[in-house]
Amino acid sequence: MIPVPYRSIINGGLKPGKSFTVRGVVSCNPHRIAFNFRHLLGIAFHYNPRFDENKVVCNSWDGQWGPEEYPAGMPFKAGQPFEIYIFCTDHSFNVCVNGVQVHSYKHRFCSLNGIDVFEVTGDVQINHVEA
Ligand code: GAL
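In this report, the structure presented in the accompanying data block is examined. (Residues numbered from 1 in each chain as written. Predicted model: local features only at pLDDT ≥ 70, side-chain atom pairs only at ≥ 80, totals over all residues. Heavy atoms only, no water.)

Side note on the overall build of the protein
Right, on to step 1. Within the protein one finds zero helices and 10 strands.
Right, on to step 2. Its helices and strands taken in sequence order, the protein reads β-β-β-β-β-β-β-β-β-β from the N to the C terminus.
Right, on to step 3. Taken over the C-alpha trace, the protein has a radius of gyration of 14 Å; the compact-globule value for 131 residues is 14 Å, and the two agree within 12%.
Right, on to step 4. Principal-axis analysis of the C-alpha atoms gives the protein an extent of 35 × 30 × 25 Å.
Right, on to step 5. Burial status across the protein gives 45% buried among its 131 residues.
Right, on to step 6. A separation threshold of at least 6 residues defines the contact pool for the protein, and within that pool the share at least 24 residues apart is 58%.
Right, on to step 7. By element, 52% of the accessible surface of the protein is carried by carbon and sulfur atoms, the whole surface being about 6700 Å².
Right, on to step 8. Counting 11 positive and 11 negative side-chain charges, the protein places the centres of these two groups 1 Å from one another. (Helix = DSSP H or I, 4+ residues; strand = E, 2+ residues; numbered from the N terminus. Rg over C-alpha atoms; globule rule 2.2 N^0.38 Å. Buried < 20%, exposed > 50% of the residue type's maximum accessible area, 1.4 Å probe, protein only. Contact = heavy atoms within 4.5 Å. Areas by Shrake-Rupley, 256 points an atom, 1.4 Å probe, with all protein chains shown as cover. Lys, Arg positive; Asp, Glu negative; His and termini not counted. Charge placed at Lys NZ, Arg CZ, Asp CG, Glu CD.)

So this is what it looks like as C-alpha coordinates:
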(Lines give C-alpha, C1' and ligand atoms only; values in the text may rest on other atoms or scores of the structure.)
Protein backbone atom coordinates (compact mmCIF):
# COMPACT_ATOMS: atom_id res chain seq x y z
CA MET A 1 0.00 0.00 0.00
CA ILE A 2 1.28 3.46 -0.92
CA PRO A 3 0.87 6.29 1.62
CA VAL A 4 -1.57 9.11 0.85
CA PRO A 5 -0.94 11.99 0.31
CA TYR A 6 1.27 10.63 -2.46
CA ARG A 7 3.78 12.88 -4.22
CA SER A 8 6.28 12.09 -6.92
CA ILE A 9 8.71 14.15 -8.93
CA ILE A 10 8.18 14.13 -12.69
CA ASN A 11 11.73 13.71 -13.93
CA GLY A 12 12.59 16.40 -16.43
CA GLY A 13 9.10 17.86 -16.09
CA LEU A 14 6.01 17.00 -18.02
CA LYS A 15 5.97 16.57 -21.76
CA PRO A 16 3.53 15.28 -24.37
CA GLY A 17 3.47 11.49 -24.34
CA LYS A 18 3.98 11.13 -20.60
CA SER A 19 1.26 9.25 -18.74
CA PHE A 20 0.31 8.41 -15.17
CA THR A 21 -1.66 5.44 -13.93
CA VAL A 22 -3.01 5.04 -10.42
CA ARG A 23 -4.84 1.98 -9.19
CA GLY A 24 -6.56 2.14 -5.86
CA VAL A 25 -9.74 1.89 -3.87
CA VAL A 26 -12.00 4.76 -2.86
CA SER A 27 -12.49 5.03 0.93
CA CYS A 28 -15.75 3.82 2.40
CA ASN A 29 -17.06 7.18 3.49
CA PRO A 30 -15.29 9.50 1.08
CA HIS A 31 -15.46 13.27 0.94
CA ARG A 32 -13.02 14.20 -1.85
CA ILE A 33 -10.00 13.00 -3.82
CA ALA A 34 -7.57 15.17 -5.75
CA PHE A 35 -5.07 14.31 -8.49
CA ASN A 36 -2.80 17.34 -8.93
CA PHE A 37 -0.09 18.26 -11.40
CA ARG A 38 1.97 20.98 -9.75
CA HIS A 39 4.48 23.57 -10.85
CA LEU A 40 6.55 25.90 -8.70
CA LEU A 41 3.79 28.47 -8.33
CA GLY A 42 0.62 26.46 -8.49
CA ILE A 43 -1.40 23.62 -9.88
CA ALA A 44 -1.57 23.14 -13.63
CA PHE A 45 -4.30 20.51 -13.39
CA HIS A 46 -6.49 19.64 -10.42
CA TYR A 47 -8.81 16.67 -11.03
CA ASN A 48 -11.12 16.53 -8.05
CA PRO A 49 -13.76 13.83 -7.54
CA ARG A 50 -16.23 15.18 -4.95
CA PHE A 51 -18.46 12.66 -3.26
CA ASP A 52 -20.17 15.37 -1.21
CA GLU A 53 -21.38 16.93 -4.48
CA ASN A 54 -21.45 13.76 -6.59
CA LYS A 55 -19.38 15.31 -9.36
CA VAL A 56 -15.84 15.88 -10.58
CA VAL A 57 -14.35 19.38 -10.64
CA CYS A 58 -11.29 20.29 -12.71
CA ASN A 59 -9.36 23.50 -12.36
CA SER A 60 -5.97 25.23 -12.17
CA TRP A 61 -4.46 27.34 -9.38
CA ASP A 62 -2.07 30.18 -10.10
CA GLY A 63 -2.54 32.29 -6.98
CA GLN A 64 -6.27 31.84 -7.34
CA TRP A 65 -8.58 29.22 -8.79
CA GLY A 66 -9.62 29.67 -12.40
CA PRO A 67 -12.96 28.72 -13.97
CA GLU A 68 -14.06 25.21 -13.03
CA GLU A 69 -14.72 22.49 -15.60
CA TYR A 70 -17.23 19.76 -14.84
CA PRO A 71 -16.75 16.49 -16.68
CA ALA A 72 -20.03 14.63 -17.19
CA GLY A 73 -20.71 11.79 -14.75
CA MET A 74 -19.08 10.59 -11.56
CA PRO A 75 -16.92 7.56 -12.36
CA PHE A 76 -15.72 7.00 -8.75
CA LYS A 77 -17.82 5.13 -6.18
CA ALA A 78 -17.37 4.81 -2.42
CA GLY A 79 -15.49 1.64 -1.51
CA GLN A 80 -14.86 0.68 -5.14
CA PRO A 81 -11.57 -0.07 -6.90
CA PHE A 82 -10.59 2.13 -9.83
CA GLU A 83 -7.86 2.77 -12.32
CA ILE A 84 -7.20 6.32 -13.48
CA TYR A 85 -4.97 6.95 -16.46
CA ILE A 86 -3.93 10.53 -17.22
CA PHE A 87 -1.96 11.24 -20.34
CA CYS A 88 -0.48 14.49 -21.50
CA THR A 89 -0.69 15.62 -25.10
CA ASP A 90 0.64 18.85 -26.56
CA HIS A 91 -2.72 20.51 -26.00
CA SER A 92 -4.39 18.75 -23.07
CA PHE A 93 -4.49 16.37 -20.14
CA ASN A 94 -6.69 13.42 -21.09
CA VAL A 95 -8.23 11.39 -18.29
CA CYS A 96 -9.54 7.83 -18.49
CA VAL A 97 -11.20 6.11 -15.56
CA ASN A 98 -11.70 2.34 -15.71
CA GLY A 99 -10.84 2.40 -19.39
CA VAL A 100 -13.28 5.13 -20.39
CA GLN A 101 -12.14 8.62 -21.38
CA VAL A 102 -13.92 11.00 -19.01
CA HIS A 103 -12.29 14.36 -19.67
CA SER A 104 -9.89 16.33 -21.78
CA TYR A 105 -8.51 19.41 -19.99
CA LYS A 106 -6.94 21.95 -22.31
CA HIS A 107 -3.59 23.18 -20.99
CA ARG A 108 -3.82 26.52 -19.20
CA PHE A 109 -0.27 26.38 -17.83
CA CYS A 110 1.64 25.85 -21.03
CA SER A 111 5.25 25.57 -19.79
CA LEU A 112 4.78 21.84 -19.53
CA ASN A 113 8.37 21.15 -18.49
CA GLY A 114 7.78 23.31 -15.41
CA ILE A 115 5.12 20.84 -14.21
CA ASP A 116 7.23 18.60 -12.03
CA VAL A 117 5.10 17.09 -9.27
CA PHE A 118 2.28 14.56 -9.47
CA GLU A 119 0.20 14.31 -6.32
CA VAL A 120 -2.75 12.30 -5.03
CA THR A 121 -4.58 13.40 -1.89
CA GLY A 122 -7.82 12.68 -0.11
CA ASP A 123 -10.03 9.74 0.66
CA VAL A 124 -8.39 6.99 -1.27
CA GLN A 125 -6.16 3.98 -0.82
CA ILE A 126 -3.48 3.57 -3.47
CA ASN A 127 -2.11 0.20 -4.49
CA HIS A 128 -0.12 1.04 -7.58
CA VAL A 129 1.31 4.12 -9.32
CA GLU A 130 3.01 4.07 -12.67
CA ALA A 131 4.45 7.30 -14.03
C1 GAL B 1 -12.45 25.06 -4.18
C2 GAL B 1 -11.87 23.99 -3.27
C3 GAL B 1 -10.49 23.59 -3.76
C4 GAL B 1 -10.55 23.24 -5.24
C5 GAL B 1 -11.25 24.32 -6.04
C6 GAL B 1 -11.37 23.95 -7.51
O7 GAL B 1 -13.74 25.40 -3.79
O8 GAL B 1 -11.76 24.49 -1.96
O9 GAL B 1 -10.00 22.51 -3.00
O10 GAL B 1 -11.22 22.00 -5.42
O11 GAL B 1 -12.54 24.59 -5.51
O12 GAL B 1 -12.06 24.94 -8.23
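From this point, the discussion proceeds with the structure in view.
Thoughts on the pairing of strand 9 (residues 117-122)
Right, on to step 1. Here four bridges tie strand 1 (residues 6-9) to strand 9, and the two strands are oriented antiparallel to one another. If you follow R7 over to strand 9, its bridge partner there is E119.
Right, on to step 2. Across six bridges, strand 3 (residues 33-39) lies against strand 9 in antiparallel orientation. When the sheet's bridge partners are listed, F35 is paired in strand 9 with V120. (Pairing = 2+ DSSP bridges.)

Examining the sheet that holds strand 9
Right, on to step 1. Spatial ordering of the open sheet is given by 1-9-3-4-5, a layout of five strands whose pairing is antiparallel. Every other strand in the sheet has two partners, leaving strand 1 and strand 5 (55-61) as the edge strands with one partner each. Shown here is a sheet whose adjacent strand axes are inclined to one another by a mean of 10 degrees, direction ignored.
Right, on to step 2. Pairing between strand 3 and strand 4 (residues 42-50): five bridges, direction antiparallel. (Axes fitted to C-alpha atoms, helices over the stretch in contact; angles between N-to-C directions.)

As for unusual backbone geometry
Right, on to step 1. Going from V4 to P5, the amide bond is cis rather than trans, its omega being 0 degrees.
Right, on to step 2. Within the fold, P5 resides in the segment before strand 1.
Right, on to step 3. You will see that N54, though not glycine, has its phi angle at about 50 degrees, which is positive.
Right, on to step 4. Take N54: it is sitting in the loop between strand 4 and strand 5.

Considerations on the site of the ligand
Right, on to step 1. Contacts to the ligand come from H46, N48, R50, N59, W65 and E68.
Right, on to step 2. Within the side chain of R50, one N or O atom sits 2.8 Å away from an oxygen atom of the ligand.
Right, on to step 3. At a separation of 2.6 Å, an oxygen atom of the ligand approaches a polar side-chain atom of E68.
Right, on to step 4. Isolated, the ligand exposes 300 Å² of accessible area, and the fraction of that covered by the protein chains is 63%.
Right, on to step 5. For the shell around the ligand, the element with the highest residue contribution is strand 4, accounting for three residues.
Right, on to step 6. By residue class, the composition of the shell around the ligand is one nonpolar, three polar and two charged. (Near = heavy atom within 4 Å. Polar contact = N/O pair within 3.5 Å; in protein donor to acceptor, adjacent residues only side chain to side chain. Nonpolar A, V, L, I, M, F, W, Y, C, P; charged D, E, K, R; others polar.)

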